[in-house]
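Structure at a glance
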Amino acid sequence: MPIARNQILITIDGVKDLSEKGIAFRCRYELVGFTDDGKPRYQCIYLREGEPEAILVSTRITPHGPEPRYFNIWPGLFKHHFEFGDGRDLRFGPDYELTLEERG
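Quick look at the structure, then.

The rules behind the values
- Residues numbered from 1 in each chain as written.
- Predicted model: local features only at pLDDT ≥ 70, side-chain atom pairs only at ≥ 80, totals over all residues.
- Heavy atoms only, no water.
- Core = buried A, V, L, I, M, F, W, Y, C linked by side-chain atoms within 4.5 Å.
- Buried < 20%, exposed > 50% of the residue type's maximum accessible area, 1.4 Å probe, protein only.
- Helix = DSSP H or I, 4+ residues; strand = E, 2+ residues; numbered from the N terminus.
- Contact = heavy atoms within 4.5 Å.
- Phe/Tyr/Trp six-rings, centres within 6.5 Å; stacked < 30°, edge-to-face > 60°.

1. Some remarks on the nonpolar core
- Core analysis: the largest hydrophobic core is formed by 18 residues, its most contacted members being Ile10, Val15, Tyr29, Cys44, Tyr46, Leu56 and Leu77.
- Listing elements by their share of this core, those giving two or more residues are helix H1 (12-21), strand E2 (26-34), strand E3 (40-47), strand E4 (53-56), helix H2 (73-84) and strand E7 (98-101).
- In this structure Ile10 touches Val15, Leu18, Tyr46, Ala54, Ile55, Leu56 and Val57, once residues within four positions along its chain are discounted.

2. Quick look at the environment of Pro52
- Position of Pro52 among the secondary structure elements: in the loop between E3 and E4.
- Separated by 45 residues in sequence, Pro52 and Gln7 place their C-alpha atoms 5.3 Å apart.
- Residues within four places of Pro52 in sequence aside, it is in contact with Asn6, Gln7 and Ile8.

3. Some remarks on the packing of aromatic side chains
- Under the definition given, this model contains 6 aromatic pairs.
- Aromatic side chains Phe78 and Phe82 sit 6.3 Å apart centroid to centroid with 35° between the ring planes, which places their arrangement in the tilted category. With Phe78 and Phe82 both in helix H2 and 4 residues apart, this pair spans about one turn of that helix.
- Judged by its relative accessible area of 59%, Phe82 is exposed.
- Members of the aromatic cluster, connected to one another through ring pairs, are Tyr42, Trp74, Phe78, Phe82 and Phe92.

Spelled out as structure tokens, the structure:
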């Protein structure tokens, strides 16, 4: 059974808008499963002070509504984080869980 969460949706354009306006945010990556060939897949969650979590969704809307964007580690997740992340370094645990650490 899914866990109920207080979440909103955000697109890449929304993330760009946050950056352009200088609005502080953090992000995190949740392991959501594995591909057929065993590669881990993640979804990106954006966090802002005083706002609900925002799950990154595709800009393109399907007949079933917006769908979460999923990332494989390479190159997808790395590329996304370097372009649209919060500046922290990615750290992978042995169970493919991700943490983010301040640089320096």
